[in-house]
Amino acid sequence: MIVRLPKWCIQFALLAFGFHVANAQPVSLDDCFLAASQHNANRKLSSEKLVEVSAKIAEAKGQRGPTVALTGSAVHNGDVTKMNFGATSIQFQPDNSYRVGFTANQTLFDGKRLKYNQTMQELMLNRIRSERVRTELDLAYQVSSIYNRWISVTIIERIAKLSATSAQEHAALTEKRFLAGQVSKLDKLRASVSANQMEVNALNAVANQRRVIETINLLTGLTLSESNFPSDTATSSHAKPTLESGLQAAKELRPEYRQLAANRAIAATGVTIAKSGLYPMVSASTNLLWVNGSDPYNPDKLKRQWNVGIQCNYNLFDGKQSKARIEAAKSSYRQVDIFINDFAYTIRNEIEQALISLDDAERRVAMQRVYVEQAEEAHRMATVQFAAGQTSAQEVSDAELALSTARLNCEQARFDYRNALLEYEKATGELSLRFTAEALK
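Residues numbered from 1 in each chain as written. Predicted model: local features only at pLDDT ≥ 70, side-chain atom pairs only at ≥ 80, totals over all residues. Heavy atoms only, no water.

1. Quick notes on the packing of aromatic side chains
Scanning all chains against the criterion turns up three aromatic pairs. When the centroid spacing of 5.7 Å and the interplanar angle of 90 degrees are considered together, the rings of Tyr147 and Trp150 count as edge-to-face. On the criterion of helical spacing, the pair formed by Tyr147 and Trp150 is a turn pair, its members being three residues apart in helix α4 (residues 113-179). Trp150 carries the same exposure label as Tyr147, and that label is buried. When the ring of Tyr257 is compared with that of Phe343, the centres are 5.3 Å apart and the planes differ by 75 degrees; the resulting orientation is edge-to-face. Of this pair, Tyr257 sits in helix α7 (residues 255-276) while Phe343 sits in helix α8 (residues 321-387), and the two are 86 residues apart along the sequence. (Phe/Tyr/Trp six-rings, centres within 6.5 Å; stacked < 30°, edge-to-face > 60°. Helix = DSSP H or I, 4+ residues; strand = E, 2+ residues; numbered from the N terminus. Buried < 20%, exposed > 50% of the residue type's maximum accessible area, 1.4 Å probe, protein only.)

2. What about the side chain of Ser322?
Structurally, Ser322 is set in helix α8. A polar side-chain atom of Ser322 sits 2.7 Å from a polar atom in the side chain of Asp318. Contact partners of Ser322, with chain neighbours within four places excluded, come to Gly277 and Leu278. (Polar contact = N/O pair within 3.5 Å; in protein donor to acceptor, adjacent residues only side chain to side chain. Contact = heavy atoms within 4.5 Å.)

3. Considering the confidence of the model for the protein chain
In the predicted model, the protein chain carries a mean pLDDT of 86, and the fraction of residues at 70 or more is 88%. At the level of individual helices and strands, the protein chain shows its lowest average pLDDT in strand β1 (residues 2-4), which scores 40, and its highest in helix α5 (residues 185-220), which scores 93. Below pLDDT 50 for its whole length, residues 1-22 participates in 35 contacts with residues either more than four positions away or in separate chains. Note on residues 436-441: pLDDT under 50 across the span, and twelve contacts to partners over four residues away in sequence or across chains. (pLDDT = per-residue confidence, 0-100.)

4. Points about the sheet that holds strand β9 (residues 281-291)
One open sheet accounts for four strands, arranged β3-β6-β9-β10; its pairing is antiparallel. Two strands close off the open sheet at either side, each with one partner strand: β3 (67-76) and β10 (303-313). Ignoring which end each strand starts from, the neighbouring axes of this sheet average 20 degrees apart. Relative to β10, β9 runs antiparallel, the two being bridged by eleven bridges. The residue bridging Ser283 from the neighbouring strand is Gln311, located in β10. (Pairing = 2+ DSSP bridges. Axes fitted to C-alpha atoms, helices over the stretch in contact; angles between N-to-C directions.)

5. A closer look at α5
Structural remark: α-helix, 3.6 residues per turn; residues separated by three or four positions point the same way. The end-to-end C-alpha separation of α5 is 53 Å, in line with the 52 Å expected for 36 residues at 1.5 Å each. With its phi angle positive at about 80 degrees, Gly221 sits one or two positions after the end of α5. (Expected span 1.5 Å × (residues − 1).)

6. Quick notes on the nonpolar core
Core analysis: the largest hydrophobic core is formed by 21 residues, its most contacted members being Val143, Trp150 and Ile216. Put simply, the parts of the chain that give this core at least two residues each are α2 (29-39), α4 and α5. Broken down by element, the residue count for this core peaks at nine residues, all from α4. Contact partners of Trp150, with chain neighbours within four places excluded, come to Val27, Gln209, Val212, Ile213, Ile216, Leu224, Asn228, Phe229 and Pro230. Counting 20 residues, the second-largest nonpolar core is a separate cluster that includes Val336, Ala361, Leu421 and Ala427. (Core = buried A, V, L, I, M, F, W, Y, C linked by side-chain atoms within 4.5 Å.)

7. Focus: the packing of helix α3 (residues 41-64) against α4
Packed helices, taken two at a time, are described by the angle their axes make and the gap between the axes. At a minimum axis separation of 9 Å, α3 and α4 run at an interaxial angle of 170 degrees. The pairing of α3 with α4 is recorded here as roughly antiparallel in orientation. Looking at the contact of α3 with α4 residue by residue, the class counts come to eight nonpolar, nine polar and ten charged. (Parallel < 35°, antiparallel > 145°, perpendicular 65-115°, else oblique. Nonpolar A, V, L, I, M, F, W, Y, C, P; charged D, E, K, R; others polar.)

8. Considerations on the pattern of salt bridges
Charged atoms that come close allow side chains of opposite charge to pair. Tallying each qualifying case throughout the model produces 19 salt bridges. Among the salt bridges present, the one from Glu52 reaches Lys56, with a minimum N-O distance of 3.5 Å. Here the residue Glu52 and the residue Lys56 both occupy positions in helix α3, the gap between them amounting to four residues, near one helical turn. Assessed through its relative accessible area of 36%, Lys56 is described here as partly exposed. Within this structure, Arg43, Arg132 and Glu136 form a network of salt bridges that share partners. (Salt bridge = Lys/Arg side-chain N within 4 Å of Asp/Glu carboxyl O.)

9. Here we look at α3
The terminal C-alpha atoms of α3 lie 35 Å apart, and with 24 residues this matches the ideal 34 Å at 1.5 Å per residue to within 8%. Residues of α3 that are buried include every one of Arg43, Ser46, Leu50, Val53, Ile57 and Ala60, and no others. The inward-facing, buried residues of α3 contact α2 and α4. In this structure Asn40 caps α3, since a side-chain oxygen of it lies 3.1 Å from the backbone nitrogen of Asn42.

Printed below as a string of structure tokens:
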């Protein structure tokens, strides 16, 4: 889990590694995730998909109710035919035809097509919500992974600079002893080469840190620089994870399980919708209109007209299209079941792999800590003996290299442990619990 450290504690630790903290600005993992959640395009798209499907649900609800439309038209008749009967003149159509009224339609029976269409959209909404949670989980993994790398390269940079400083001090002391005739020119050259190599390693560590910071900036939209440093550290604050506890957590927390359940419900609803095509559709309609042109003595007079009717549509033969749609929907349902079973095996494998990596990294961290203590003591003894003229400069250079290597290997083991813990929490879905509810809004 991620543990917050007080700022004074962080700065004290950095001072121990040689940091100058006057302008240093701490950045937490939550800071990075909150920025990434606001910056990430996939999360924005999932939010828009929620809006889209919510609108489709409203549309599906509206389709189940009646529709009422206002209709109207105005047409100019260019050729108007008249017939005269003595003093009486009959005009067969007016100069302008007008039509205005209302039309209403209501589906009476459709084999529950519209109802299941609404159900389908509601299930789609649940699936998209799960997809959004999965997007956030993937984003949390990306941010946590690069943040872990930032922790590691920051520590490695300090280790490289400490090693370079120690090697330079040794090279300066060897130079003095060479001028005093106490060591050979070969010892002097070896110490100089070792100091130069350590300086190159330090420069490379600085470049690696810049690369990681730029990656964080790309992922989060932040503008971090070398003046920023990670304020979090990763340690396990819960009981030793097991396969059983991991599988139980995954069933409760992994959004894919909810998404697959939604997919199964969608596939089942698809079968029902396909079967509804076997039923007839019955709808009722009514029209209430005011039109002119129906009175031969007064063609411009508007007269009311109305009608009510029922329409039924039923396919007697459709080339077995309905049967094919039903079979395709059943196949989709079976495919979802196959994928659900396969996903359970995949989750189990992810958790097992993470547990193996955790055990391996934990053992290596413990061993590397011992190696660091031994290398520090060996370096101290070599430095003291060289100052007293009891050992060669090569022994000190070798001790410096061994100490630097031990420290780097120890940090690599810690980095592997943090990554293994991250993989475990991703596999179980616990990773999303790291972040505040504010960040996930």
